[in-house]
Amino acid sequence: MNEEEIRGKILLPFLNDLGFNVSEISLERSFTIRLGKLRQMIKGRADILCKRHGKNLFVIELKNDQHNISQDDVDQGISYSRALDEIAPFTIVTNGKITKIFDTITKQDLTGKKISDASEFWKNGCTLATDVDIRIRYEALKNFVSFSDENLQAFCRNQVQERMGTIVGDLDSPSAKFVRELFVPRNDLRSVFAEFVNSEASAFAIVGSAGVGKTNAMCSLALQCLDDKFVFFYNAAIINKSPLEHIADDLNGVFSSKSESELVLKKLDELGRFISKKILIFIDGIDETISSALAIELSEIALAIKNLDYVKLCVSCKDSIWNSVLEINGNLTHLYEELLKFRTRVPRLNNRPGYLLEDFSDEELKEIIPIYKSAFGFKGNISDQLLKELKNGFFLRIFSEVYSNKDVPPEIDDKHLIHAYLKQSLGKTSIGVESGLRILSEIGRILMNFKYSNHEEFEDDGVELERLLEALNFPLDKGLPDDLFARNLLTKYSKEDSYHISFYYSKIRDYIISFHTYKLHRLDDTAFANIVGDFYHNYIGKSAIAFYISNASESHQHVFREFKKNKALNYVTAYNAYLDENFGTFKQLFRPGTKGEIGIVLPHDIIKNDGYALYRITPELPGKIIYEDLRYAFEGNYFEGRLYKIGVESVYSSHISLLEPDQDKLIRKQVFDKLKDIIQKGRLSVYNSEVLLLEQVSLIVYYYLKDLYFDLKPVDLYLPRFNQIYPIDLSDLQNRIRRFRAIRHYRESNVPYEMVTSLVEQALKNNLDIPKLNIIGDIAPLEELSKIVTILQEKGYEKIETHHLPLPDIAINDVIRVKDEKGMTDVAQIRNNQYSPEQARLYIERFFRSLESSYKDFVEQLFPTFKDGFSFYSSMPHDYFFYMKDLDILKWGSFGYCKSKEGQSKFYYKEPVPWEKAFEDVSSLEAFSLDKILRSDYHNQIKTIDKINTGKVDDFCVIRNWVYKLLKDDMRDLFRQNGSYI
């Protein structure tokens, strides 16, 4: 007999004889078990559940009479008993011939025994200790989902559908984000996600802006995975505790909701291994969570699953707050680390990892439009311009709803489309159109007037709910109408223990602000001109005015053009004046590279096109403003283009920043950003400091002796031995430079090689005018040397008799001998050892006196308006304190300085003391060894000559490097005040 026959002919009559009535017997068609919140129907089996006094008593697992009862049959029956909402204490397995009865908890065979005495569970009133209850339910779950794929799919499908809730629906569901009949798979995403599932990576994230279809993608992937994966799905907007606690709930407590996350996840991993299925946890919309702790919880989950084989996490998030999910209190989270194992950093996501979901591609749109056309019944052709707008999934939905069962007009502007959508959408709510627009209009006003930090602007933070309600004069317990969120007009998300509110779609926000909050279309030209500047106080206003202008009247567009033109003229006038006032001596190093007046270039159509550039005003181009095509500035050969010919060095991609109220702040930021680049590249040079001039002459001569035709090969060891090049005859040096210049000139003039020597000699003899070298890169810097020598000659120098700083006094052979004897490998110490202690002290004292003199000359020439705020400059001269190990100046220690008490520098050498003690003497303190002033700092080396590579000169141009070091220290606060840093 089969199971049906055994049940009908044997078991049911037998149960009836035992006194069970029909209401106490549940057959397979009405027999359900419960896992979590979901009741699961066991299908295709001839099982029986018997009750007594309303309580579960036993489950009968039926087999046909040809089937030999196995341990698997016993385990299966016991699993059903354990999986019941109220565990059945006994399990019976029978094939009609052999019948066995088991204790459901212990699995003990009770056949032939008095079961009421043999079962401890029965004797204890069918109650269990919590840990035992969790263990046996977990075993039941494993067995239940392993018995058949159908059981697994049934469980997962019910869990997913219940958790997706209202985000899944049909065309008439206002809150539905996933409508199956409209969905088209994003093939690239599917491919990448499949790769992730099959990889060793444990975390995946879908990130994108509002309306691109993140929820659609998450729902689709979760439903797709139901066929062969163990899937959990959660909508972060409505979960109110840890995702792992919700998993425990959904599995009817087979894991304790209080368990540590790592233990819960390990159990899930064990379950995945048992059924040989990946366990995927989908958490959608983490930016909409009501839990401020979700980011931390996701980090902990990512840490726990990194070493698990079967559990994987997939989340979705709005791109504007993605960074705050991956970085908490300045620290990158474990989720960031796990995501990085599969996806590289994405520049558009602030260099954070994740799959960037963007608007539909052209190919995707070709597939999607017919589906929407069929579903909504709109008719007619769609223009190419409108198709570009419809690439955003939310905007496509707006369009489809507005023109449902209607003809699509030949031309559609987003203003009228949004107007129609709002009227239609709000008309279906309980608050109505008029009230809804009034609320949205006031929210727009609040957003317009809100002062956002740069971080808040970058993350599109919206406004705190409590602040918003206060501004709206709404009671805190009333809140905003739910309809505005249900219809995706507003969105909210949790951040730092509070809700933030913003518009779901930026174009709806811009429309509301332009046409309802400020009613710009009703203003006359004068009123519009007076208000347009107010829109540049924050990024929301900028977006709103851009939307309005694209829909504005011609007269308002004319007003807007004049506004832009006047702001551009104000900017370039102020920029030019700021450079003249503060950086006149090196103004040519700033854009656009001129000491003269500066003008501004704007695009021909300043409404449709963006960007600007600065140019050099000349007699041929005398105006302050000109108009050019900036769209293709760097295509083709830039050096043959119009912009290059008028002196444009670079083109800014946007002129929006020029329209902001505080142009002075923008100018200072731009100037100091450029100044930072100038300083770091060592492009500042002065010719009023004899020390700096002498330093460069000595180094260029020393390292370019061959190029200057000296028959000399200096002997040194990691430190120049300048005594070998003195005295330096400056007239002779100029002649050598002229020879070098002449040889290069004639060699590059295509004259026969054998004639070069005679032409050079003739040029030198007759003092012919030889063109200066205009070469950059790897070349001897002799043009710069010639310039310096000329200045020194004008100062009265004929010869440089000796070096400007004390020279090493230990013979090179003695240095080499000591190095070899001691096996010294420390190059810095080898340099130090070339000085005796007495000579080292002389060097130190001369160095710092020369440094102060050079820094004074440098700062007074280049920064006359800022110098009085420079700490080192304004406190010169200084007394210097050296705290050296064993009082040995050739060892290591620290040094500091303070304003001189006697008006001239004094030098003090002391034993090391605690830093707090040292600050009784000095105002500044840092590590020191003699090598610190013998060679330039490896990490902060400054180029000596702009655009020419002079590595060795840079290494030992020490006073100049220290001048730059002091300048950076003195200007650090000034840079910070002007929005930059150095």
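For the structure, check the block above.
Keep in mind it's a predicted model, so treat the numbers as computed, not measured.

Caption draft 1: Summary view of the nonpolar core. If you look at the biggest cluster of nonpolar residues, it comprises 107 residues, and the most contacted ones within it are Phe 583, Leu 684, Phe 848 and Phe 863. With residues near it in sequence (within four places) discarded, Phe 583 still touches Tyr 578, Phe 590, Val 671, Phe 672, Leu 675, Phe 863 and Phe 866. Listed in part, the 75 residues of the second largest apolar core include Cys 225, Leu 280, Leu 294 and Cys 314.

Caption draft 2: Just unusual backbone geometry, in detail. In this model, Arg 591 is joined to Pro 592 through a cis peptide bond whose omega is 5 degrees. Positionally, Pro 592 belongs in the loop between α25 (554-583) and β22 (598-603). Pro 877 follows Met 876 through a cis peptide bond whose omega is -5 degrees. As for its position among the elements, Pro 877 is in the loop between α35 (871-874) and β28 (878-884). For Asn 488, which is not glycine, the phi torsion reads 60 degrees and is therefore positive. Examined against the element boundaries, Asn 488 turns out to sit in the loop between α21 (482-486) and β20 (490-495).

Caption draft 3: Up close: the packing of helix α28 (residues 690-703) against helix α38 (residues 958-977). At a closest axis distance of 8 Å, the pairing of α28 and α38 adopts a crossing angle of 130 degrees. In terms of orientation, α28 lies oblique with respect to α38. Each of Val 691, Leu 692, Glu 695 and Gln 696 in α28 lies in contact with α38, whose residues at this interface are Val 958, Ile 959, Arg 960 and Val 963. Looking at the contact of α28 with α38 residue by residue, the classes come out as five nonpolar, one polar and two charged.

Caption draft 4: Representation of the pattern of salt bridges. In the structure shown here, the tally under the stated rule is 55 salt bridges. Its salt-bridge partner being Lys 856, residue Glu 860 comes within 3.2 Å of it at the nearest N-O pair. Taken together, the positions of Glu 860 and Lys 856, both in helix α34 (residues 837-862) and four residues apart, correspond to about one turn of that helix. A relative accessible area of 30% places Glu 860 in the partly exposed class. Residue classification places Lys 856 among the partly exposed positions, given a relative accessible area of 39%. In this structure, the salt-bridge partner of Asp 969 is Arg 972, at a minimum N-O distance of 2.8 Å. Pair noted here: Asp 969 and Arg 972 are both in helix α38, with a separation of three residues, about one helical turn. On the accessibility criterion, Asp 969 (39% relative accessible area) is partly exposed. Classification of Arg 972 by relative accessible area gives partly exposed; the value is 31%. What emerges from the salt-bridge pattern is a single network uniting Glu 926, Lys 932, Lys 965, Asp 969 and Arg 972.

Thresholds, definitions, all that
Per chain, residue numbering runs from 1 following the sequence as it is written. Reporting in this predicted model follows two pLDDT cut-offs: at least 70 for local features of residues, and 80 or more for side-chain atom pairs to be given and counted; totals over whole chains, interfaces and linings ignore these cut-offs and use all residues. Where side-chain values are given, they derive from all heavy atoms of the structure, hydrogens and water being excluded. Take the buried residues of types Ala, Val, Leu, Ile, Met, Phe, Trp, Tyr and Cys, join any two whose side-chain atoms come within 4.5 Å, and each joined set is a nonpolar core. Each residue is assigned to one of three classes by its accessible area relative to the maximum for its type, calculated with a 1.4 Å probe on protein chains only: buried under 20%, partly exposed between the two thresholds, exposed over 50%. Working rule for contacts: check all heavy atoms of both residues, and any pair within 4.5 Å makes them a contact. Each helix corresponds to a stretch of at least 4 residues labelled H or I by DSSP, and each strand to a stretch of at least 2 residues labelled E; elements are numbered beginning at the N terminus. Axes here mean lines fitted to C-alpha atoms, for a helix over just the part in contact, with angles spanning 0 to 180 degrees between N-to-C directions. Here the word oblique covers every angle except those under 35 degrees (roughly parallel), over 145 (roughly antiparallel) and from 65 to 115 (roughly perpendicular). Nonpolar residues are Ala, Val, Leu, Ile, Met, Phe, Trp, Tyr, Cys and Pro. Charged residues are Asp, Glu, Lys and Arg, and all others, Gly as well, are polar. Whenever a carboxyl oxygen of Asp or Glu lies within 4 Å of a side-chain nitrogen of Lys or Arg, that contact is scored as a salt bridge.

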